[in-house]
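Residues per chain, in single letters:
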Amino acid sequence: MPGMKQNLNCPRRMVVFAVFDIIDQLGGAYEPSMAGDIQATIPVLGKLSRYAFAVTALTSETSILHISLLQPLAQLTEAEKQLALRYLLDCILYHMEEA
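These lines cover the structure that appears in this document, whether it is placed above or below. Throughout this description, residue numbers start from 1 for each chain and increase along the sequence as written. Local features in a predicted model are, by the rule used here, given only for residues with pLDDT of at least 70; side-chain atom pairs are given and counted only at 80 or more, and totals for whole chains, interfaces and linings are based on all residues. To obtain the side-chain values, all non-hydrogen atoms of the structure were used and water was disregarded.

Remarks on the overall build of the protein chain
Strands here are runs of E lasting at least two residues and helices are runs of H or I lasting at least four, both read from the DSSP assignment and numbered beginning at the N terminus. From N to C terminus, the protein chain includes 2 helices and 5 strands. In sequence order, the secondary structure elements of the protein chain are arranged as β-α-β-β-β-β-α. All radius of gyration figures rest on C-alpha atoms, and the globule criterion is 2.2 Å times the number of residues raised to 0.38. Expected size for 99 residues packed as a compact globule is a radius of gyration near 13 Å; at 13 Å, the protein chain falls within 12% of this value. Overall, the C-alpha framework of the protein chain stretches about 40 × 30 × 20 Å when taken along its three principal axes. Accessible area is worked out with a 1.4 Å probe on protein chains only. A residue is then buried under 20% of its type maximum, exposed over 50%, and partly exposed in between. Counting the 99 residues in the protein chain, one finds 39% classified as buried. Contacts between residues were defined by any pair of non-hydrogen atoms, one from each residue, lying within 4.5 Å. Once local pairs closer than 6 in sequence are excluded, the contacts in the protein chain between residues at least 24 apart make up 51%. For the accessible areas, the method is Shrake-Rupley and the probe is 1.4 Å, while residue cover comes only from the protein chains on display. Entry remark: accessible area of the protein chain is about 5700 Å², with carbon and sulfur atoms responsible for 55%.

Let's talk about the nonpolar core
Take the buried residues of types Ala, Val, Leu, Ile, Met, Phe, Trp, Tyr and Cys, join any two whose side-chain atoms come within 4.5 Å, and each joined set is a nonpolar core. Tyr51, Phe53, Leu65, Ile67 and Ile92 are the most contacted members of the largest nonpolar core, which totals 28 residues. Elements with a contribution of two residues or more to this core: β1 (3-8), α1 (12-25), β3 (38-44), β4 (47-57), β5 (63-72) and α2 (78-98). Per-element accounting of this core gives the leading share, 8 residues, to α2.

What to know about the pairing of β3
Taking burial as the measure, the 7 residues of β3 include 5 buried ones, the bulk of the element. Pairing between β3 and β4: 7 bridges, direction antiparallel. Bridge pairing in β4 places Thr41 opposite Arg50. Pairing between two strands is assigned when DSSP locates at least 2 bridges connecting them.

A few points about the packing of α1 against α2
Contact geometry of α1 with α2 gives a least axis separation of 9 Å together with a crossing angle of 115°. Along this stretch, α1 crosses α2, giving a crossing that reads as right-handed. Listed contacts from α2 to Met14, Val15, Ala18, Val19, Asp21, Ile22 and Gln25 of α1 are Cys91, Ile92, His95 and Met96. Angles here are taken between N-to-C directions and fall from 0 to 180 degrees, while the axes themselves are lines fitted to C-alpha atoms, restricted in helices to the stretch in contact. Here a crossing is taken to be left-handed if its near helix is turned anticlockwise relative to the far helix by less than a right angle, and right-handed if that turn runs clockwise.

What follows is the structure, encoded as structure tokens:
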């Protein structure tokens with residue numbers, strides 16, 4: 001299961017809101033999972049896949065965003081999987097900068 005993470009200098013709550021905003025903007029469908037992650041089916045770069053997002057608070061002002069590709073619903077090469085994850089991460093980071 002490919003994934004990536006990013007340390008962020010912002011509160012967990014802000015990151016969680018940004019994740020939901022980006023899922024909505026990309027036309028994805030989401031539901032909370034038992035572990036507290038956000039699982040979503042999202043079309044990224046024209047290909048539908050299932051992703052998991054988790055946000056861990058380090059302090060009240062810092063957090064870590066984790067994004068994992070759970071299940072590609074279309075054929076993806078390893079490079080496309082990494083590109084999709086990077087795209088999602090960049091979308092969330094950009095959205096947080098704009099907010």
